[in-house]
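What follows is each chain in one-letter form.
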Amino acid sequence: MAVVWRGAALFGLWVVIGGGATPADLAMGVVAAALAARASLRLAPPVPGPALRLLALAALLLRLPWGVLRAGTEVAIRAFAPRMGLRPGLVAFAPALPPGRRRDAFLALSALLPGTVPAGTGANGTVAIHALDTTQPIAADMRREEARFAGALGGHG
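Nothing here was measured: the structure is a model prediction, and the numbers come from that model.

J.: Just to check I follow, could you spell out the pairing of strand β1 (residues 89-93) for this structure?
T.: Remember that side chains alternate between the two faces of the sheet whenever the strand is regular. Alternating residues of β1 divide into Gly 89, Val 91 and Phe 93, all buried, and Leu 90 and Ala 92, none buried. In this structure, β1 lies alongside strand β3 (residues 127-131), joined through five bridges in antiparallel fashion. Each bridged residue has a counterpart across the sheet, and for Leu 90 the counterpart in β3 is His 130.

Printed below as a string of structure tokens:
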């Protein structure tokens, strides 16, 4: 079943990138997606775990455009309004997600939060978050977003 899901996702990507709608283009896309799905299963086999919660995942994905717009706007306002006073620095965040793909995906997503960028992992397992304003509740915001992310992916595994 994993090959079907990966193949369908890769075929969708093929259609979006290639934009071809002729029967020959679509046939080539099916072949390429099937080969890529087979290769991806050998390189990154499916990891057993909790199932995706599709509604929670959809809600998470629908928040992305708003998050990107909000983050960009806040950074621009802070950059062009000196009276807001930037207080940049690093904030330690202790993720609940264990090291691995899910944590990496969450940290990539968290870069869309206003004024935050993951900047490395400490020896004690914390993640350094570069923030534009360290007086803001950065760690609390990260915990809330991590819980939402983990919920959409079916837990903390």
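Anyway, onward from the coordinates.
J.: What am I meant to see in the pattern of salt bridges here?
T.: Opposite charge on two side chains permits them to pair, given that their charged atoms come into close proximity. By the definition in use, this model includes three salt bridges. Two residues, Arg 144 and Asp 141, come together in a salt bridge whose shortest N-O distance is 2.5 Å. Remark: Asp 141 and Arg 144 occur in helix α5 (residues 138-152); sequence separation between them is three residues, near one turn of the helix. For Arg 144, a relative accessible area of 45% gives the class partly exposed. Exposure remark for Asp 141: the relative accessible area of 24% places this residue in the partly exposed category. For Arg 148, the salt bridge identified is with Glu 145, shortest N-O distance 2.9 Å. With Arg 148 and Glu 145 both in helix α5, this residue pair falls three residues apart, about one helical turn.

About the cut-offs
- Residues numbered from 1 in each chain as written.
- Predicted model: local features only at pLDDT ≥ 70, side-chain atom pairs only at ≥ 80, totals over all residues.
- Heavy atoms only, no water.
- Buried < 20%, exposed > 50% of the residue type's maximum accessible area, 1.4 Å probe, protein only.
- Helix = DSSP H or I, 4+ residues; strand = E, 2+ residues; numbered from the N terminus.
- Pairing = 2+ DSSP bridges.
- Salt bridge = Lys/Arg side-chain N within 4 Å of Asp/Glu carboxyl O.

Shape descriptors only; they carry no functional weight alone.
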